[in-house]
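Chain by chain, the residues:
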Amino acid sequence: MRARRQSDSVSPILEQILYGGSSVSMNLITITRDIPEENRLFRARGLNKAILFKYPNFDEGADDYANPMADEEEDGDAGARPVETGIYIPHSVDHTEAGGVAIYLRARNSNLLLAEQFGLGEANNEAAAADLRTLSLIDSVPSLDAFLLKACFEGEKVPADKRHWAISDAEDQQLRRLIRARIEPIVRKAIDGGGTGAQSIERFLDAIWNPELEEAGLFVSAFGIDRSEADQIFSAWKGTTFYEYQLRRIAPRARIILNWLKSRECIPVDIRMHKPYETQLLMHIEKVGKLLETTLLDIRQILADYESSFSAFMAGQPEPFRDYLRKIRTHYWLLGYCVSALTSVAHLDARCMKNNPQRKLYFEAMHKLLRQFEIALDRRREQKGAF
C-alpha cells in the first residue's frame with residue numbers, strides 16, 4: 001500500500017479555501033503580516049489571523065437561490081444570492097493545512113460562534129460592532145476580488161488600509177475607466193433630449209460610484225424603479241461589468257481546460273496500471289466537464305441578456321433594459337459565482353500544470369485535479385464545521 005502523504009489528508013474543501021485563488025479566499029494571515037495592528041481590517045486579533053472565503057450555496061430544487069441556512073433577509077432579497085461567506089480559523093497560522101474550524105456567517109448559529117471565537121457578541125462594544133459591520137460589507141459582495149471589496153468599502157465610506165486590497169492604483173483606475181465606458185452610453189441615452197448639460201452628465205456618471213447622489217435616484221426612477229433601490233442596482237451594475245472584463249482574461253484558459261477534458265489528452269499516461277479504476281475515472285472526467293460547461297453556459301446567457309437589453313435600449317426600446325435592471329442583483333450574484341468558479345479552476349489548473357506544458361498527468365495527479373475542479377464548480381458545497 002502506498003504511504004499516505006501529508007497533502008492527501010487535506011480536505012478537498014480546505015484545498016479550495018487555501019488554493020482556489022483570490023476570488024474565493026482572502027488570507028488575512030498573509031495580508032496583515034506587514035500591516036501595523038492599529039491599521040488592520042478587524043479590531044479582534046483572531047479575525048486578522050483567519051482566512052475569509054466564499055462558497056456556493058444554491059438550492060437547485062427551488063425557483064430561486066434561497067439559502068435554507070440563513071435567517072430571512074431584512075431587505076427582502078433572500079433569493080438573489082447563491083454565494084455565502086465563511087471564516088476559516090486554522091489551529092496554527094504557520095501550518096494552515098493542518099486543520100481548523102469554520103464559521104459560516106449566515107448560518108443560524110453564527111452570532112453565537114462569532115461571540116465565542118472572537119468576542120463579537122458583547123453588548124455596547126464599539127470594536128465588536130465595527131468588526132460585525134466589516135464582515136457584513138464583505139458578505140455583501142459575491143466574491144473576494146480586491147477591486148469589488150475596495151469599491152464597496154469606499155462606497156460605504158468605511159476606511160481600510162489599502163494594503164488589504166491586492167490591487168494597484170493604476171489597475172484600479174483602469175477598471176474604473178472600463179466600467180465607466182461601458183455604462184456611459186446608457187446614461188447618456190437615458191437623459192438624452194432632456195436639455196442636460198455636460199456637467200450634469202458627469203454627475204450622473206459620478207453616481208456610478210456614489211449612489212447617494214441625487215442623480216442615482218433620478219436615473220433608476222426614470223426606469224420606473226424606486227429610488228431607494230439605486231444603491232443595490234448601481235453596485236450590481238458595476239460588479240456585472242467588472243466580471244465581464246475579468247471573464248475576458250480567464251475565458252481562454254477555461255476553454256483550453258474544457259477542450260482538454262473532452263479529449264483523449266487528459267487520460268493519464270499510466271492508465272494501464274490503474275485499469276480497475278479506468279471507468280470510474282472516465283465518468284469523473286465527464287462529470288467535471290459538464291459542470292464546467294454549465295458554468296460557461298450560465299455566463300453566456302447572463303451576458304447575452306445584458307447585450308440584448310442594452311441593444312434594445314439604445315434602439316429606443318427601454319422596457320427590456322428596465323426589466324434587466326430589476327433583476328440585475330440576481331444576475332450579479334450568479335455571474336459572480338460563475339466567474340469566481342472559473343477563476344478558481346484556472347488558478348488550480350495553472351498550479352498543477354506549471355511545469356507540465358504538455359498537460360500529461362499521472363493517474364493520482366489527475367484524480368486530485370478532478371477532485372479540486374469538482375469542488376470549485378460544485379453548487380451545493382458541504383458546510384463543514386471543522387477540517
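Look up: the structure comes first, before these words.
Residues numbered from 1 in each chain as written. Predicted model: local features only at pLDDT ≥ 70, side-chain atom pairs only at ≥ 80, totals over all residues. Heavy atoms only, no water.

Asks: Which residues make up unusual backbone geometry, and what values do they have?
Replies: Backbone geometry at K157 places phi at a positive 60°, although glycine is not the residue there. Mapped onto the secondary structure, K157 falls in the loop between helix 5 (146–155) and helix 6 (169–190). Positive phi, close to 55°, is recorded for R359, a residue that is not glycine. If you trace the backbone, R359 turns up in the loop between helix 12 (328–352) and helix 13 (363–377). On the basis of relative accessibility, which here comes to 12%, the residue R359 falls in the buried class. (Helix = DSSP H or I, 4+ residues; strand = E, 2+ residues; numbered from the N terminus. Buried < 20%, exposed > 50% of the residue type's maximum accessible area, 1.4 Å probe, protein only.)

Asks: Help me get a handle on the sheet that holds strand 4 (residues 100–104), residues and values and all.
Replies: Note on sheets: strands pair through backbone hydrogen bonds, and any given pair is parallel or antiparallel. Strand order in this open sheet of 4 strands is 1-2-3-4, and the pairing throughout is antiparallel. Edge positions in the sheet fall to strand 1 (25–27) and strand 4, since each of these pairs with one other strand and no more. Strand-to-strand twist in this sheet, taken as the mean axis angle between neighbours without regard to direction, amounts to 25°. Pairing of strand 1 with strand 2 (residues 51–56) involves 3 bridges; the strand directions are antiparallel. The residue bridging M26 from the neighbouring strand is L52, located in strand 2. (Pairing = 2+ DSSP bridges. Axes fitted to C-alpha atoms, helices over the stretch in contact; angles between N-to-C directions.)

Asks: An account of the pairing of strand 2 is requested, with residue identities and associated values reported.
Replies: In terms of residue burial, strand 2 counts as a mostly covered element, since 6 of its 6 residues are buried. Residues I51, F53 and Y55 point to one face of strand 2 and L52, K54 and P56 to the other, with burial holding for every one of them. Sheet topology note: the strand 2/strand 3 (residues 83–90) ladder contains 6 bridges and is antiparallel. Considered in strand 3, the bridge of K54 is made with T85.

Asks: So what's going on with the packing of aromatic side chains? Which residues, and what values?
Replies: Throughout the structure, instances matching the rule amount to 21 aromatic pairs. Ring pairs connect the aromatic residues F147, W209, F242, Y243, Y332 and W333, which therefore count as one cluster. When the ring centre of W209 is taken as origin, the NZ or CZ atom of R176, which lies over that ring, is 4.4 Å away. Lying over the aromatic face of Y19, R351 brings its terminal NZ or CZ to 3.9 Å of the ring centre. (Phe/Tyr/Trp six-rings, centres within 6.5 Å; stacked < 30°, edge-to-face > 60°. Lys NZ or Arg CZ within 6 Å of the ring centre and 35° of its normal.)

Asks: Quick one: what's the story with helix 12, residue by residue and with numbers?
Replies: Along an α-helix, a turn takes 3.6 residues, which lines up residues three or four apart on a common side. If you check helix 12, its first and last C-alpha atoms are 35 Å apart, about what 25 residues at 1.5 Å a residue would give, namely 36 Å. Most of helix 12 is tucked away, with 20 of its 25 residues classed as buried. (Expected span 1.5 Å × (residues − 1).)

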